[in-house]
Amino acid sequence: MARESESELSVEELRNAGIKAFENASELVEEAQVLHKHGHLSRALFLCCISGEELGKSFISLSAVANRITGAFDEKRYKERFRAHREKTGVLMFLEDVFVFELPPELPKVKRDAEAVEKSKLSALYCDFYGTEAQKPSEVIPEHLVNTTLEVAKQRLKYFADNVRPKFDYVLEIDKTKAIQFQREFLQTMAAHRDADSKP
């Protein structure tokens, strides 16, 4: 039995978790498109939100591989982040804000709408009270919101397919020095983004 200070997850297992999360995100978007095509809009919206969480898991796992290589891996924290909905969504939104993947010109407002839906995604799944009136998801989720959220989900998936998924193919070959350099550059990017946001 491993001591508490030792990690039970290897770099290979962390890499596989990231790849599987990406693949699941892709399957969820495919299934959302099928539901959308057949008029099941609220469930399509829900799957788009869950797909975003899976993309967050994928990046969390890629970062965990680098942390494992450098000796800075905290398995308990990783598992908490891997399972916490807000963490996964937060990572995805952060990546989009910092590394700004290209959305079609008409989608910035849509992306904000999709973020609002993300915060209340359960309304796309469960009947609930709105004031004193109970309503089912199909009564409260507007079609335009589902259409645009699906478009954002497809754009997110394309960004990850082009920019994040390929990193899993060579991440195990990165040595400790390169992993530390990657982390340093990532933190500098974060700091630059934070500084830019704080300027009036």
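## Focus on the pattern of salt bridges
Under the criterion given, the structure shown has seven salt bridges. The shortest N-O distance in the salt bridge between Asp 162 and Lys 158 comes to 2.7 Å. Of the two residues, Asp 162 and Lys 158 are both situated in helix H7 (residues 143-163); the distance of four residues between them amounts to about one turn of the helix. Assessed through its relative accessible area of 44%, Asp 162 is described here as partly exposed. Residue classification places Lys 158 among the partly exposed positions, given a relative accessible area of 49%.

## Details of the side chain of Ser 42
By secondary structure assignment, the location of Ser 42 is in helix H2 (residues 41-70). If we ignore the near neighbours within four places in the chain, the residues touching Ser 42 are Ala 124, Pro 137, Ser 138 and Ile 141.

## Some details on a negative patch on the surface
On the surface, Glu 23, Glu 27, Glu 30 and Glu 31 cluster together into a patch of negative charge. By secondary structure assignment, the location of Glu 31 is in helix H1 (residues 11-37).

## Some points on the environment of Phe 182
Mapped onto the secondary structure, Phe 182 falls in helix H8 (residues 176-198). When the C-alpha positions of Phe 182 and Ala 66 are compared, they lie 8.2 Å apart, and in sequence the two are 116 residues distant.

## Some words on the nonpolar core
Most often, soluble globular proteins have nonpolar side chains that are buried together. Judged by nonpolar contacts, the single largest core of 38 residues is most densely connected at Leu 55, Tyr 78, Phe 160 and Val 164. Among the elements of the structure, H1, H2, helix H3 (75-83), helix H4 (85-99) and H7 are those that each provide at least two residues to this core. With 13 residues, H2 is the single largest residue contributor to this core.

## What about the packing of H2 against H3?
Where H2 meets H3, the closest approach of the two axes is 9 Å, and the angle between their N-to-C directions is 165°. Comparing the axis directions of H2 and H3 gives the class roughly antiparallel. As H2 runs across H3, the sense of the crossing is right-handed. Between H2, through Lys 57, Ile 60, Ser 61 and Ala 64, and H3, the contact on the second element is made entirely by Tyr 78, Arg 81 and Phe 82.

The rules behind the values
- Residues numbered from 1 in each chain as written.
- Predicted model: local features only at pLDDT ≥ 70, side-chain atom pairs only at ≥ 80, totals over all residues.
- Heavy atoms only, no water.
- Salt bridge = Lys/Arg side-chain N within 4 Å of Asp/Glu carboxyl O.
- Helix = DSSP H or I, 4+ residues; strand = E, 2+ residues; numbered from the N terminus.
- Buried < 20%, exposed > 50% of the residue type's maximum accessible area, 1.4 Å probe, protein only.
- Contact = heavy atoms within 4.5 Å.
- Patch = residues over 30% accessible without salt bridge, like charges linked within 9 Å, V, L, I, M, F, W, Y side chains within 5 Å.
- Areas by Shrake-Rupley, 256 points an atom, 1.4 Å probe, with all protein chains shown as cover.
- Lys, Arg positive; Asp, Glu negative; His and termini not counted.
- Charge placed at Lys NZ, Arg CZ, Asp CG, Glu CD.
- Core = buried A, V, L, I, M, F, W, Y, C linked by side-chain atoms within 4.5 Å.
- Axes fitted to C-alpha atoms, helices over the stretch in contact; angles between N-to-C directions.
- Parallel < 35°, antiparallel > 145°, perpendicular 65-115°, else oblique.
- Left-handed = near helix turned anticlockwise from the far one by under 90°.

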